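Close look at the chain arrangement
Here are the chains, one letter per residue:
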Amino acid sequence: MKAAMLRSVIRRSTTSSAATNTCLSSRGFSSESAPERKVAILGAAGGIGQPLSLLMKLNPLVSRLALYDIAGTPGVAADVSHINTRSEVKGYAADEQLGQALEGSDVVIIPAGVPRKPGMTRDDLFKINAGIVKSLCEAIAKYCPNALVNMISNPVNSTVPIAAEVFKSHGVYDEKRLFGVTTLDVVRAKTFYAGKANVNVADVNVPVIGGHAGVTILPLFSQASPRANLSDEDIKALTKRTQDGGTEVVEAKAGKGSATLSMAYAGAIFADACLKGLNGVPDVVECSYVQSTVTELPFFASKVDEEIEDNKKDTKISMLAYTIKVTSARYRKAPTGNTSVQE
Ligand SMILES: NC(=O)c1ccc[n+]([C@@H]2O[C@H](COP(=O)([O-])OP(=O)(O)OC[C@H]3O[C@@H](n4cnc5c(N)ncnc54)[C@H](O)[C@@H]3O)[C@@H](O)[C@H]2O)c1
Ligand SMILES: O=C(O)C[C@H](O)C(=O)O
């Protein structure tokens, strides 16, 4: 696929992309004159990391791309760096280079960690990935405490709270800067809904709230647009398929890992939304697993409006305004203890 085509895929699929692009130009940024933004990817040589590095290299909002992994970074960095787009690419290979990779980062994306194999749940990854995420977040706290952190590593329902605790222990926690990436659930919900409703997938919007594991993934198909007359059975089946989407891929890959390409696509959409938010583009809304007061749960995925304003005094950006807009759904405690949604 040609670079220009891929770029337009990203542009089209970002929420309110038309409005966003208009806004970008109304603020006088062409891609060449967009503010300098550094993005770091931790775990850049992995199954997600490599295609995500490619997609972020194609993003015109990125001026510096830091690729970090404990194995295989030089090859990936050399390869991606030959692509003739705006950003300068640097690879960082070892523990002692992590600080350099992170310094000055506006957005840090973390797909570092082990993926599932058939028969495992995301929770089975906790032991290994908790340690990886903890050490990476300690470095973020030290080298780029103001960065927006996009957590991909599983189990997201736990790695995000772990990151929050690490940042708190370093006195740098800002809940407005920590995001669990649940965009893949939205991507899946849109695809499955479009197929069932027989509508153009590019026009589809489906909010997905809750968390990122099994029944905690709550796609709100009744609030999907464009409206379609689906039966309760159809909605039940779509919900189940969205909740089991990760397992569907794990089983299809038969021991060779979990979703990587669709996740890279979803991660690129979410990071792009963060960059737009940092650049002052209004009404950038994506669902994300964040610290929340929407339910009694401390963290919950809902629509996050990334309203971020430039504080003008500094070249650094501070996030001044932040709201979580939730759908009109009412919440109740289900007998299982999981939060479910009544509409
Ligand atoms: N949030 C989501 O929707 C979602 C979707 C798919 C996968 N995931 C998760 O993303 C993670 C990565 O999946 P993958 O398929 O890319 O796995 P992978 O094994 O292909 O890649 C992981 C990479 O992380 C690197 N790594 C390990 N420890 C590291 C450290 N301390 N610092 C830097 N890099 C380190 C490895 O060297 C490897 O290159 C898994 O935990 C997986 O479950 C999340
Ligand atoms: O299912 C997994 O283990 C990976 C990821 O969380 C996904 O939803 O694809």
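Just so it is clear, the model here is predicted, and its values are computed rather than measured.

1. Let's talk about the pattern of salt bridges
Enumeration over the complete set of coordinates arrives at 11 salt bridges. Here aspartate 244 makes a salt bridge to lysine 240, at a shortest N to O gap of 2.5 Å. Several salt bridges share partner residues, and in doing so they unite Asp174, Lys176 and Arg177 into one network.

2. Details of helix 3 (residues 49-57)
In terms of burial, helix 3 is largely enclosed, as seven of its nine residues are buried. For helix 3, the complete set of buried residues consists of Gly49, Pro51, Leu52, Ser53, Leu55, Met56 and Lys57.

3. Some details on the UniProt feature "domain: Lactate/malate dehydrogenase C-terminal" (unreviewed entry) in the chain
Listed under "domain: Lactate/malate dehydrogenase C-terminal" (unreviewed entry) in the UniProt record, and renumbered for this structure, are residues 182-304. End C-alpha to end C-alpha, residues 182-304 measures 11 Å, and it is 44% helix and 15% strand.

4. Some thoughts on the packing of helix 3 against helix 11 (residues 261-278)
In a pair of packed helices, the angle between the axes and the distance between the axes together describe the arrangement. Contact geometry of helix 3 with helix 11 gives a least axis separation of 8 Å together with a crossing angle of 40°. The angle between helix 3 and helix 11 falls in the class oblique. Relative to helix 11, helix 3 is oriented so that their crossing is right-handed. Across from Pro51, Leu52, Leu55 and Met56 in helix 3, the residues of helix 11 making contact are Leu261, Ala264, Tyr265, Gly267, Ala268, Ala271 and Leu275. Class assignment for the residues of the contact of helix 3 with helix 11 results in 10 nonpolar, one polar and no charged.

5. Focus on the packing of aromatic side chains
Applying the stated rule across the entire model yields three aromatic pairs. Aromatic pair tyrosine 193 and phenylalanine 221: ring centres 6.0 Å apart, planes at 10°, arrangement stacked. Taken as a pair, tyrosine 193 in helix 8 (residues 183-197) and phenylalanine 221 in the loop between strand 8 (217-219) and helix 9 (232-243) lie far apart in primary sequence, 28 residues in all. Taken as a pair, tyrosine 193 and phenylalanine 221 share a single burial class, namely buried. Above the plane of the ring of phenylalanine 192 lies arginine 241, whose end atom (NZ or CZ) is 4.0 Å from the centre.

6. With respect to the layout of surface pockets
There is about 710 Å³ of room inside the largest pocket. Among the secondary structure elements, those contributing two or more residues to the lining of the largest pocket are helix 6 (126-143), helix 8 and helix 10 (245-253). Here the residues of the lining of the largest pocket sort into 19 nonpolar, 13 polar and six charged.

What counts, and at which threshold
- Residues take numbers from 1 onward in each chain, read along the sequence in its written order.
- Each chain gets a letter, beginning with A, and each ligand a number, beginning with 1, in the order they are written.
- Local features are withheld for residues below a pLDDT of 70 in this predicted model, meaning they are given only at 70 or higher, and side-chain atom pairs are given and counted only at 80 or more; totals for whole chains, interfaces and linings count all residues.
- The side-chain numbers reported here are obtained from all heavy atoms of the structure, hydrogens and water having been left aside.
- Here, a salt bridge means any side-chain nitrogen of Lys or Arg that lies within 4 Å of a carboxyl oxygen of Asp or Glu.
- Between buried and exposed lies partly exposed: a residue is buried under 20% and exposed over 50% of the maximum accessible area for its type, with that area taken using a 1.4 Å probe on protein chains only.
- Strands here are runs of E lasting at least two residues and helices are runs of H or I lasting at least four, both read from the DSSP assignment and numbered beginning at the N terminus.
- UniProt positions are given in the numbering used here, feature names are shortened, and annotations may be inferred rather than shown by experiment.
- A fitted line through C-alpha atoms serves as each axis, taken over the contacting stretch for helices, and the angle formed by two N-to-C directions is quoted from 0 to 180°.
- These descriptions rest on fixed angle ranges, namely under 35 degrees for roughly parallel, over 145 for roughly antiparallel, 65 to 115 for roughly perpendicular, and the rest for oblique.
- Note on convention: near helix rotated counterclockwise from far helix by under a right angle means a left-handed crossing. Clockwise means right-handed.
- Every residue pair with non-hydrogen atoms within 4.5 Å of one another is taken to be in contact.
- Here the nonpolar group is Ala, Val, Leu, Ile, Met, Phe, Trp, Tyr, Cys and Pro; Asp, Glu, Lys and Arg are the charged ones; every other residue, Gly included, is treated as polar.
- Two rings from Phe, Tyr or Trp (for Trp, the six-membered ring) form a pair when their centres sit within 6.5 Å of each other. Planes less than 30 degrees apart are called stacked, planes more than 60 degrees apart edge-to-face, and all others tilted.
- Two thresholds decide whether a charge sits over a ring: the Lys NZ or Arg CZ must be within 6 Å of the ring centre and within 35 degrees of the ring normal.
- Note on definitions: the grid is 1 Å and covers protein atoms alone; a cavity is a set of points where a 1.4 Å probe fits but cannot get out; a pocket is an open set with protein on both sides within 12 Å along at least five of seven lines; lining residues have an atom within 4 Å of a point.
- Grid points are joined across faces, edges and corners, and a volume is the space filled by probe spheres set on the points.

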